[in-house]
Amino acid sequence: QVQLVESGGGLVQPGGSLRLSCAASGFTLDNYAIGWFRQAPGKEREGVSCINSSHSRVYYLSSVKGRFTISRDNAENTVYLQMNSLKPGDTALYYCATRWARCSGFGSDYESWGQGTQVTVSS
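Residues numbered from 1 in each chain as written. Predicted model: local features only at pLDDT ≥ 70, side-chain atom pairs only at ≥ 80, totals over all residues. Heavy atoms only, no water.

Student: Describe the state of the cysteines, naming the residues involved and giving the relevant values.
Tutor: By the definition in use, this model includes two disulfides. Here C22 engages in a disulfide with C96; their sulfurs sit 1.9 Å apart. Across the S-S bond of C22 and C96 the torsion is about 65°, and the bridge reads as right-handed. Here C22, found in strand β3 (residues 18–25), pairs with C96, found in strand β9 (residues 92–99); they are 74 residues apart in sequence, far enough to count as distant. (Disulfide = S-S within 2.5 Å. Helix = DSSP H or I, 4+ residues; strand = E, 2+ residues; numbered from the N terminus.)

Student: Any chance you could break down the pattern of salt bridges for me, citing the residues and the numbers?
Tutor: Here the structure, examined in full by the defined rule, presents three salt bridges. Close ionic contact of R38 with E46 constitutes a salt bridge, the shortest N to O distance being 2.8 Å. Judged by relative accessible area, R38 falls into the buried class, the value being 5%. Judged by its relative accessible area of 32%, E46 is partly exposed. In this structure, D90 engages R67 in a salt bridge whose closest nitrogen and oxygen atoms are separated by 2.8 Å. Of this pair, D90 sits in the loop between β8 (78–83) and β9 while R67 is found in the loop between β6 (58–60) and β7 (68–73), placing the two residues 23 residues apart along the sequence. (Salt bridge = Lys/Arg side-chain N within 4 Å of Asp/Glu carboxyl O. Buried < 20%, exposed > 50% of the residue type's maximum accessible area, 1.4 Å probe, protein only.)

Student: Just give me the short version of the pairing of strand β4 (residues 33–39), but keep the residues and values in it.
Tutor: Judged by how many residues are buried, β4 sits mostly within the fold: six of seven residues are covered. The pairing of β4 with β9 spans seven bridges and is classified as antiparallel. Note on β9: the bridge partner recorded for I34 is T98. Sheet analysis places β4 next to strand β5 (residues 46–51), joined by five bridges and oriented antiparallel. Each residue of the ladder has a partner; that of W36, found in β5, is S49. (Pairing = 2+ DSSP bridges.)

Student: Got a sec to walk through the pairing of β7? Specific residues and values, please.
Tutor: Consecutive side chains along a regular strand alternate between the two faces of the sheet. Residues F68, I70 and R72 of β7 are buried on one face, while the alternating residues T69, S71 and D73, pointing to the opposite face, are not. In terms of strand pairing, β7 meets β8 through six bridges, oriented antiparallel. Across the sheet, the residue bridging to I70 is L81, located in β8. Linking β7 back to β8 in an antiparallel pair, the connection comprises four residues, with N77 at a positive phi of about 55°.

Student: How would you summarise the packing of aromatic side chains if you had to cite specific residues and measurements?
Tutor: Considering all chains together, one arrives at six aromatic pairs under this definition. Centroid distance F37 to Y110: 5.1 Å. Interplanar angle 80°. Geometry classified as edge-to-face. One end of the pair, F37, is in strand β4; the other, Y110, is in the loop between β9 and β10 (112–113), with 73 residues separating them in the sequence. F37 sits in the buried class, given a relative accessible area of 2%. For the ring pair Y110 and W113, a centre distance of 6.3 Å and an interplane angle of 65° mean the geometry is edge-to-face. Since its relative accessible area comes to 27%, W113 is described here as partly exposed. (Phe/Tyr/Trp six-rings, centres within 6.5 Å; stacked < 30°, edge-to-face > 60°.)

Read these as spatial facts, not as claims about activity.
Spelled out as structure tokens, the structure:
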């Protein structure tokens, strides 16, 4: 069955790093845009980053530019989000999502979602 599974979350101190993975099974990610979203308790879900299937365009939330890097490995059917210089404000449940189209900043535009992986940044 079609499935997306996020992993790599955890608890880190401010300034630390994490690498999130989004592994797909049951289908290939080659032709999809892949977005990362996050949601903290009591806050709206926000788009963090997205990469188009062609690699021609990459997008980042302004607050994570220069700190986060999105990438994809089609051979492994996996997308990644490298997160450096983490801040307490990055604490959230992080989701990956796919869209049979180009990147969008709206979660409602995406078709498939993973279950999320928790990122907690605290000292």
